[in-house]
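Chain residues, written in single-letter form:
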Amino acid sequence: QQQVKQSPQSLIVQKGGISIINCAYENTAFDYFPWYQQFPGKGPALLIAIRPDVSEKKEGRFTISFNKSAKQFSLHIMDSQPGDSATYFCAASLARDDKIIFGKGTRLHILP
Amino acid sequence: EAGVTQSPTHLIKTRGQQVTLRCSPISGHTSVYWYQQALGLGLQFLLWYDEGEERNRGNFPPRFSGRQFPNYSSELNVNALELEDSALYLCASSRGSNQPQHFGDGTRLSIL
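Quick look at the structure, then. (Residues numbered from 1 in each chain as written. Chains lettered and ligands numbered in written order. Predicted model: local features only at pLDDT ≥ 70, side-chain atom pairs only at ≥ 80, totals over all residues. Heavy atoms only, no water.)

### Here's the deal with the pairing of strand β8 (residues 72–77) of chain A
For a regular strand, side chains alternate in direction, first toward one face of the sheet and then toward the other.
Residue and element names in this part refer to chain A.
Right, on to step 1. The pairing of strand β3 (residues 19–25) with β8 spans six bridges and is antiparallel. Bridge pairing links Ser19 to Ile77 in β8.
Right, on to step 2. With six bridges connecting them, strand β7 (residues 62–67) and β8 associate as antiparallel partners. From the neighbouring strand, Ile64 faces β8, where its bridge partner is Leu75.
Right, on to step 3. Adjacent in sequence and paired antiparallel, β7 and β8 are bridged by four residues, among which Lys71 carries a positive phi angle near 55°. (Pairing = 2+ DSSP bridges. Helix = DSSP H or I, 4+ residues; strand = E, 2+ residues; numbered from the N terminus.)

Take a look at the structure:
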């Protein structure tokens, strides 16, 4: 059972544009929602994270929007740059078991 | 601050063999997590160790095991290797339960 569904699988955006990746979750007990960025040959790097008591969190060009009632959250990358080209994973976890459940990932390509 | 370090970076084994992967957490981190990133299956939680104890386990057979040492470093052992064990094995660490997890660059295990 896939508990975190991520879309799209791949995304191509022009330099300077907005990249948007969407995720939906099933378990309403999840209480921590991180996003990870992974470059080829590297491990996932924590990008930004949110807890369900907040509807939006912004860090630089990266913003998480969180809709608790719809059980959905999304990552917005403003002014996308070629260096942002990577695979992005949304995820969710429960405080009591520390197990991160990952989405399948989105391969983002920013055209120069 | 040094990140999570894993060794070796690459490993080639044959079916039926046993393998040990190693992980050193970020200084000050007491929790260590192991994940498997297999092609087509995404990132899957394997094990969580905290203060030397196994705290949680993912849906993997008992031939996947590990331990955490007093200095908080950890080993992942896989016995009776099967072809489908070919994957990138990622280690993450955190300051404790319900804290952000930071990943190493993984060990690429290939089973022939």
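Next comes the rest of the description.
### Considerations on the side chain of Gln101 of chain B
Right, on to step 1. By the element assignment, Gln101 of chain B lies in the loop between β9 (87–94) and β10 (102–103).
Right, on to step 2. Of note is the side chain of Gln101 of chain B, whose polar atom sits 3.0 Å from the backbone oxygen of Asp98 of chain A.
Right, on to step 3. Dropping the residues within four chain positions of it, Gln101 of chain B is found in contact with Tyr36, Leu46, Asp98 and Ile100 of chain A together with Tyr33, Tyr35, Ala92, Ser93 and Ser94 of chain B. (Polar contact = N/O pair within 3.5 Å; in protein donor to acceptor, adjacent residues only side chain to side chain. Contact = heavy atoms within 4.5 Å.)

### A word on unusual backbone geometry
Right, on to step 1. In this structure, Pro8 of chain A follows Ser7 of chain A across a cis peptide bond, with omega equal to -5°.
Right, on to step 2. Following Ser7 of chain B, the chain continues to Pro8 of chain B via a peptide bond in cis, the omega torsion being -10°.
Right, on to step 3. Relative to the helices and strands, Pro8 of chain B is located in the loop between β1 (5–7) and β2 (10–13).
Right, on to step 4. The backbone phi angle of Glu51 of chain B is positive, close to 50°, even though this residue is not glycine.
Right, on to step 5. Here Glu51 of chain B shows up in the loop between β5 (42–50) and β6 (53–57).
Right, on to step 6. In the Ramachandran plot, Ala80 of chain B falls in the positive-phi region, its phi being about 45° despite a non-glycine side chain.
Right, on to step 7. Locating Ala80 of chain B in the fold gives a position in the loop between β8 (74–78) and β9.
Right, on to step 8. A relative accessible area of 40% means that Ala80 of chain B is categorised as partly exposed. (Buried < 20%, exposed > 50% of the residue type's maximum accessible area, 1.4 Å probe, protein only.)

### Some points on the sheet that holds β1 of chain B
Strand pairing in a sheet relies on backbone hydrogen bonds. The paired strands run either parallel or antiparallel.
Residues and elements named next belong to chain B.
Right, on to step 1. Strands sit in the order β1-β3-β8-β7 across an open sheet of four strands; the sheet is antiparallel. Across the chains shown, the open sheet's two edge strands, defined by having one partner strand only, are β1 and β7 (64–68). Neighbour-to-neighbour, the strand axes of this sheet turn through a mean angle of 20°, independent of strand direction.
Right, on to step 2. As judged from the three bridges shared by β1 and strand β3 (residues 19–24), these two strands associate in the antiparallel manner. When the sheet's bridge partners are listed, Thr5 is paired in β3 with Ser24. (Axes fitted to C-alpha atoms, helices over the stretch in contact; angles between N-to-C directions.)

### Topic: the state of the cysteines
Note on terminology: a disulfide is the covalent bond linking the sulfur atoms of two cysteines.
All names here are of chain A.
Right, on to step 1. Inspection of every chain in the model, using the stated rule, returns two disulfides over all chains.
Right, on to step 2. Covalent S-S linkage joins Cys23 and Cys90, the inter-sulfur distance amounting to 1.8 Å. Around the S-S axis, the bridge from Cys23 to Cys90 shows a dihedral of about -95° and counts as left-handed. You can see Cys23 sitting in strand β3 and its partner Cys90 sitting in strand β9 (residues 86–93), a full 67 residues away along the chain.
Right, on to step 3. Overall, Cys90 belongs to the buried group, its relative accessible area being 0%. (Disulfide = S-S within 2.5 Å.)

### Some words on the packing of aromatic side chains
Residue and element names in this part refer to chain A.
Right, on to step 1. For the structure shown, the criterion picks out 18 aromatic pairs over all chains.
Right, on to step 2. Taken together, a centroid distance of 6.2 Å and an interplanar angle of 85° make the contact between Phe89 and Phe102 edge-to-face. With Phe89 in strand β9 and Phe102 in strand β10 (residues 100–102), this pair connects stretches of sequence that are 13 residues apart. Note on accessibility: Phe89 and Phe102 belong to one class, buried.
Right, on to step 3. Of the aromatic side chains, those joined through ring pairs into one cluster are Tyr25, Phe30, Phe33, Trp35, Phe66 and Phe73. (Phe/Tyr/Trp six-rings, centres within 6.5 Å; stacked < 30°, edge-to-face > 60°.)

Honestly, that's just the spatial picture; any functional story needs more than this.
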